[in-house]
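One letter stands for each residue in the lines below.
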Amino acid sequence: MSIPLITEQSAAFARGSVPPARQVADGVWSIPVPLTGSPLVSMFMYLVETPGGLVLVDAGFDAEDAWQALLAGLRAAGAAPSEVAATVLTHNHPDHIGLADRLRAEGGAAVAIHPLDCFATQRAVRGGFLDQLERTLLRAGVPDADRAPMLRSARRLAAHSESLVPDLLLTEGDAVGGTLQVLHTPGHTYGHISLRDHRRGLLFTGDLLMPTGEPQLAPASLPADDPGADLAASLDRIAGLRADLVLPGHQYPIADHARRARAVLTAHRARLAEVTGAAARAGTAWEIAALLSWPRPWPDMGTTAKRFAVVQTLGLLRALQRGGVVPASTQTGSS
Ligand SMILES: [Zn+2]
Ligand SMILES: [Zn+2]
């Protein structure tokens, strides 16, 4: 099943289209939902039969087309919304939690997430998304004239999601439905989890490991944050796990996840070396970001792309500084 699945879903990703819902293993269905306007094209929810009932891994984006895709996917699996016992969220980004509230309201599915990605906890520890972003951009030395539009463009996302209240908190070692083992795999967010289905040889990796691209780091908004080191440790851990198939939140499934995780780690180390070189010629994360390679040249990048880039650069700088590679005089906001 895995090779036709990968062929079908990688072809859909290459075409920029959303593949159909389909069964990917005995008792497991892939339910793609559209992410209209995003280069990621789609987001994958997974419906998993467990001894504790049906579990939905992630909950798409809060949009009507995504809701209809969820209903169609449940129908394809022969399930009604009221039969989903729990929605487990790999992390708290809007494209993963969007329909959790609606599914709970319409069918009763309990919502579960790691405590560090629970919005109430997060607000208490690090503030809301916009607070975190503003602090991160300030730490990165983004000038006022660039910071204001970045915050404006992020406001729509922040308004979206931060009211979700979970019913259950999941931590390392918990077993969802009796069989889905929770692995705390931070880096993309501080409370990101992956789920391991030993019996079926499956690993659900959310936004930690995808078949292409550089994983996005969490904003380093607090002095002790080191999302780059978190990410490297999580990838290293994933690389050491046995699984027949990795099912990520976007793009398409991965057959040889250990190889892919090691490739991402190698690229991450190369990125750190690139940042080291740029840090010798620039002072702030904002200035360094402009010297790094991105999918498009820096002058052609829009506000959102630059926002992602500078958050990423600050995370990489933090990892370097904590590893003792970058002079402490470089501004990463750790003082
Ligand atoms: Zn994400
Ligand atoms: Zn995502």
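For the structure, check the block above.
Every chain is numbered independently, its residues counted from 1 as its sequence is written. Labels are handed out in written order, letters beginning with A for the chains and numbers beginning with 1 for the ligands. Residues qualify for local features only when their pLDDT is at least 70, as the model is predicted, and side-chain atom pairs are given and counted only at 80 or more; totals for whole chains, interfaces and linings, by contrast, use all residues. To get the side-chain values, take all heavy atoms of the structure and skip hydrogens and water.

## Here we look at the coordination of the zinc ion (ligand 2)
Applicable threshold: Listed donor atoms are N, O and S within 2.8 Å of the metal (Na, K and Ca: 3.2 Å). As water is not included, a site may look incomplete. Here the metal geometry follows the donor angles, with tetrahedral for four donors whose angles all fall between 85 and 135 degrees, square planar for four and octahedral for six when opposite donors are more than 155 degrees apart and every other angle is between 65 and 115, and irregular for all the rest. For helices the rule is a DSSP run of H or I covering at least 4 residues; for strands it is a run of E covering at least 2, with both sets numbered from the N terminus onward. Each residue gets one of three labels from its accessible area relative to the maximum for its type: buried under 20%, exposed over 50%, partly exposed in between, using a 1.4 Å probe on protein chains only.
Taken together, D95 (OD), H96 (NE2), D207 (OD) and H250 (NE2) make up the full set of protein donors to the zinc ion (ligand 2), lying 2.1 to 2.3 Å away. Classification of the site at the zinc ion (ligand 2) rests on its 4 donor atoms, whose angles at the metal span 85 to 151 degrees, yielding the label irregular. Written as a sequence motif, the donor residues of the zinc ion (ligand 2) are D-H-x110-D-x42-H. Separating the zinc ion (ligand 2) from the zinc ion (ligand 1) is a gap of 3.5 Å, which D207 spans by donating to each of them. With D95 in helix α3 (residues 94–97) and D207 in the loop between β11 (202–206) and α8 (227–239), this residue pair connects regions lying 112 residues apart in the sequence. Overall, the relative accessible area of 5% leaves D207 in the buried class.

## Brief notes about unusual backbone geometry
For V41, which is not glycine, the phi torsion reads 70 degrees and is therefore positive. Its location among the elements puts V41 in the loop between β2 (28–34) and β3 (42–50). The exposure class assigned to V41 is buried, which follows from its relative accessible area of 14%. Even without being a glycine, Q251 presents a positive backbone phi close to 75 degrees. Positionally, Q251 belongs in the loop between β12 (245–248) and α9 (257–279).

## Side note on the nonpolar core
When a protein is soluble and globular, its nonpolar side chains tend to lie buried together. Selection criterion: Among buried residues, the Ala, Val, Leu, Ile, Met, Phe, Trp, Tyr and Cys ones that are joined through side-chain atoms within 4.5 Å form a nonpolar core.
Judged by nonpolar contacts, the single largest core of 45 residues is most densely connected at L209 and I288. At the level of elements, α6 (129–139), α7 (144–161), α8, α9, α10 (285–289) and α11 (303–322) are the ones that each hand at least two residues to this core. Residue contributions to this core peak at 8 residues, all from α11. Core analysis: the next-biggest nonpolar cluster, separate from the first, contains 31 residues, I31, L47, L56 and L164 among them.

## With respect to the coordination of the zinc ion (ligand 1)
Donor atoms from the polypeptide that coordinate the zinc ion (ligand 1) comprise H91 (NE2), H93 (ND1), H188 (NE2) and D207 (OD), at 2.1 to 2.3 Å from the metal. Geometry at the zinc ion (ligand 1) is irregular, judged from its 4 donor atoms and the angles of 91 to 168 degrees they form at the metal. The sequence pattern describing where the donors of the zinc ion (ligand 1) fall on their chain is H-x1-H-x94-H-x18-D.

## Points about the environment of P20
Among the secondary structure elements, P20 is positioned in the loop between α1 (2–15) and β1 (22–25). With 13 residues separating them in the primary sequence, P20 and V33 have C-alpha atoms 9.0 Å apart.

## Describing helix α4 (residues 100–107)
Which entries qualify depends on this criterion: It is the directions from the helix axis to the C-beta atoms that the arc portrays.
Within the sequence span of α4, burial applies to A100, L103 and G107. Take α4 and look down its axis: the buried residues cluster within an arc of 65 degrees, on one side only. Residues of α4 that are exposed and angled more than 90 degrees away from the buried face: A105 and E106. Just downstream of α4 lies G108, where phi reads positive at about 90 degrees.

## Notes on the packing of aromatic side chains
The way to describe two aromatic rings as a pair is by their centre distance and the angle between their planes. Put simply, the test is: The criterion for an aromatic pair is that two Phe, Tyr or Trp rings (for Trp, the six-membered ring) have centres within 6.5 Å, with stacked assigned to planes under 30 degrees apart, edge-to-face to planes over 60 apart and tilted to the rest. Cation placement over rings: the criterion is NZ of Lys or CZ of Arg within 6 Å of the ring centroid and within 35° of the ring normal.
One pass over the full model with this rule turns up 4 aromatic pairs. Each ring, one from F44 and one from Y46, has its centre 6.4 Å from the other, and the planes form 20 degrees; the classification is stacked. You'll find F44 and Y46 in the same group, each marked buried. What links up through ring pairs into an aromatic cluster is the set F44, Y46 and F204. In this arrangement the basic side chain of R126 is found over the ring face of Y190, its NZ or CZ atom lying 3.9 Å from the centre. Across from the ring centre of F308, 5.2 Å away, lies the NZ or CZ of R307, which sits over that ring.

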